Amino acid sequence: MISRLLRGVWCFFSSLLWLSLAGCGEEWALYESDKYPFSMQYPASWTVEAFNPDIALSVSGQRGKNLYIYELDMEWAGCANLSECVQAFIYDLPTADSFIDGTEVQSITEQGLTVEIWENNEDHFYYRTLFYLNEDYILFAAVYETDKAESTAELAKQSHSTFQVKGK
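**Q** Requested: an account of the environment of Ile69, with residues and values cited.
**A** For Ile69, the location among the structural elements is in strand S5 (residues 66-73). On the basis of relative accessible area, Ile69 is assigned to the buried category, the value being 0%. In this structure, the C-alpha to C-alpha distance between Ile69 and Met40, residues 29 residues apart in sequence, is 9.6 Å. When neighbours within four sequence positions are excluded, Ile69 is seen to be in contact with Tyr31, Met40, Ile55, Ala56, Leu57, Phe140, Ala141 and Ala142.

This is the structure we're talking about:
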């Protein structure tokens with residue numbers, strides 16, 4: 001009971017500072033692919049946008065926060081592994097320079113999946129992207145971007161941690 005009260009006080013003061021902290025009442029919506037066995041949670045309060053056919057999901061939050069989910073058949077790229085497919089994807093983006101200057105880390109999810117996380121915290125913009133390549137060379141990419149890194153980094157990490165592949 002006391003810990004719940006302390007968390008409530010912490011979340012209240014955090015909200016006054018425009019911080020979005022994990023565990024502070026953020027409700028989540030579930031994205032489930034229509035074509036592939038991919039799923040991931042994202043903030044339920046964000047607005048689903050109509051974007052273009054290359055993007056599986058586009059949602060926007062307050063103060064310039066965005067999430068784009070891509071599901072791309074990478075067979076065209078001739079890549080042999082996750083890192084090569086990520087490079088092909090990135091160099092095909094108009095914002096490639098921002099990704100290239102970021103940090104790249106391979107990680108294992110709680111489900112035991114190998115993913116790459118790319119993060120860039122430039123002076124004026126922040127990106128955090130989770131990449132996963134399945135056995136059919138379908139690349140899943142979940143890109144969080146915002147002009148306020150401090151308010152999105154933890155939210156993006158929490159959302160990315162919910163990524164799953166059915167049947168794995």
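**Q** Could you give me a rundown of the packing of aromatic side chains, with the residues and numbers involved?
**A** If you walk through the whole model with that rule in mind, you get nine aromatic pairs. On the basis of an interplanar angle of 35° and a centroid distance of 5.8 Å, the ring pair of Tyr36 and Phe38 is categorised as tilted. Residue class for Phe38 comes out buried when judged on its relative accessible area of 0%. Where Tyr132 meets Phe163, the ring centres are 5.4 Å apart and the plane angle is 50°; that geometry is what we call tilted. Of this pair, Tyr132 sits in strand S8 (residues 126-133) while Phe163 sits in the loop between helix H4 (149-160) and strand S10 (164-165); the two residues are 31 residues apart in sequence, bridging distant segments of the chain. Exposure remark for Tyr132: the relative accessible area of 4% places this residue in the buried category.

Conventions adopted
Residues numbered from 1 in each chain as written. Predicted model: local features only at pLDDT ≥ 70, side-chain atom pairs only at ≥ 80, totals over all residues. Heavy atoms only, no water. Helix = DSSP H or I, 4+ residues; strand = E, 2+ residues; numbered from the N terminus. Buried < 20%, exposed > 50% of the residue type's maximum accessible area, 1.4 Å probe, protein only. Contact = heavy atoms within 4.5 Å. Phe/Tyr/Trp six-rings, centres within 6.5 Å; stacked < 30°, edge-to-face > 60°.

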